[in-house]
Amino acid sequence: MKHIPRKRFGQNFLTDQGIIESIVDAINPKPGQPLVEIGPGLMALTQPLVDRTGEVTVIELDRDLAVRLRTKPQLRVIESDVLKVNFANVAQELAVPKLRVVGNLPYNISTPILFHLLGFVDVVQDQHFMLQKEVIDRMVADAGNSDYGRLSVMLQWRYAMENVLFVPPESFDPPPRVNSAVVRMVPREQPAQLNPKLLEELVQVAFSQRRKILRNTLGKWLEEKGFSGTFDVQRRAEEVPVAEYEALAASLS
Ligand code: SAM
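These figures come from a predicted structure and were not determined experimentally.

## Re unusual backbone geometry
- Geometrically, the link from Asp173 to Pro174 is a cis peptide bond, its omega value of -10 degrees lying close to zero.
- Relative to the helices and strands, Pro174 is located in the loop between strand S8 (172-173) and strand S9 (180-187).
- Residues other than glycine seldom take positive phi values, yet Asn28 does so here, at roughly 55 degrees.
- Here Asn28 is to be found in the loop between helix H1 (17-27) and strand S2 (35-38).
- Relative accessible area serves as the criterion here: at 36%, Asn28 is assigned to the partly exposed category.
- The phi dihedral of Ala95 falls on the positive side, at around 55 degrees, and the residue is not glycine.
- For Ala95, the position within the fold is in the loop between helix H4 (87-94) and strand S5 (99-104).
- Of the residues examined, Ala95 reaches a relative accessible area of 69% and is grouped as exposed.

Put into structure tokens, the structure is as follows:
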């Protein structure tokens, strides 16, 4: 039976075979690797992934799609909201130290998914995600760029990231209203040691008024925290490189 795409689940199914191949090539799966796919949908990516690895663990929220997926012996199906999935448990069940996580993500919850996975970075080998291109631009932006913000700092602290493929709306059914792209995220081996909650708070305060000089926002906050080091607050949040935010959070942690 034909599946009617559900908007509330962010269902835009990939149909362009050339693009599908390019994404799978970018992932470069090898036999036996522990792949976990978020939102397999109608298996556009899943099937070529299975062909290359032999088995894939899939996380799907749509009950009707999960029913279809369960008929495939090469799939381990987790029928759940990905935001509730404990990836450390998944790694443990698969008896592997690290997972390769992939997916054409539901765009309505892509940022929450990225933050959820940040909590499981220790059990992740790498992540390949299709996202709104505009979100990837923000993820990979450097200081000084107008896309640079909270997402850039929080993710660049923990991952090396690159935009590996542009994907136009015509590659999907139904086509989304935005351009898409694929990002590769590889956890950094030696990230700055800091309290993530503190970095999050600091970055939120700093970017709360991104066009203003930091003195009245971050400057005040640092005073409240009893910060005694040096930090130039005569700048705007978007001018401060990731490494300086990290150093600041590390010194307060
Ligand atoms: N992978 C398929 C493809 O590329 O054609 C489908 C991608 S579609 C953009 C997103 C998929 O994520 C859908 O299958 C949707 O049902 C599923 N999904 C939506 N919200 C989800 C959630 N919270 N947890 C797990 N899967 C979800």
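## Side note on the sheet that holds S2
- Read across the open sheet, the 7 strands follow the order S4-S3-S2-S5-S6-S9-S7; overall the sheet is mixed. Two strands close off the open sheet at either side, each with one partner strand: strand S4 (75-79) and strand S7 (159-167). Each strand axis lies, on average, 20 degrees off the axis of its neighbour in the sheet, ignoring direction.
- Sheet analysis places S5 next to strand S6 (residues 124-132), joined by 6 bridges and oriented parallel. Paired with Val101 across the bridge in S6 is Gln127.

## Some points on the environment of Tyr148
- Of note, Tyr148 is situated in the loop between helix H6 (133-140) and helix H7 (150-158).
- Judged by relative accessible area, which is 0%, Tyr148 ranks as buried.
- In the structure, Tyr148 is positioned 135 residues away from Phe13 in sequence and 30 Å away in space, judged by C-alpha atoms.
- Those residues in contact with Tyr148 that sit more than four places away from it in its chain are Ala141, Asp142, Ala143, Val153, Phe207, Arg210, Ala237, Glu238, Val240, Pro241, Val242 and Tyr245.

## Description of the domain arrangement of the chain
- Domain boundaries assigned for the chain yield domain 1 (7-187) and domain 2 (196-252).
- Taking the mean C-alpha position of each, domain 1 and domain 2 sit 31 Å from one another.
- With 11 residues of domain 1 at the interface, the matching set in domain 2 holds 14 residues.
- Contact between domain 1 and domain 2 buries roughly 1,100 Å² in total, counting both sides, with carbon and sulfur atoms accounting for 70%.
- Per-residue buried area on domain 1 facing domain 2 is highest for Tyr148, Arg150 and Trp157; these three make up 47% of the total on that side.
- Connecting domain 1 to domain 2 are 1 salt bridge.
- Residue Arg150 is joined to Glu200 by a salt bridge in which the shortest nitrogen-to-oxygen separation is 3.7 Å.
- Here domain 1 and domain 2 share 5 residue pairs in polar contact (both at pLDDT 80 or more) between them.
- Looking at the side of domain 1 that touches domain 2 residue by residue, the classes come out as 5 nonpolar, 5 polar and 1 charged.

Conventions used here
- Residues numbered from 1 in each chain as written.
- Predicted model: local features only at pLDDT ≥ 70, side-chain atom pairs only at ≥ 80, totals over all residues.
- Heavy atoms only, no water.
- Helix = DSSP H or I, 4+ residues; strand = E, 2+ residues; numbered from the N terminus.
- Buried < 20%, exposed > 50% of the residue type's maximum accessible area, 1.4 Å probe, protein only.
- Pairing = 2+ DSSP bridges.
- Axes fitted to C-alpha atoms, helices over the stretch in contact; angles between N-to-C directions.
- Contact = heavy atoms within 4.5 Å.
- Domains from an automatic or database assignment.
- Buried area = accessible area lost by both parts, 1.4 Å probe.
- Salt bridge = Lys/Arg side-chain N within 4 Å of Asp/Glu carboxyl O.
- Polar contact = N/O pair within 3.5 Å; in protein donor to acceptor, adjacent residues only side chain to side chain.
- Nonpolar A, V, L, I, M, F, W, Y, C, P; charged D, E, K, R; others polar.

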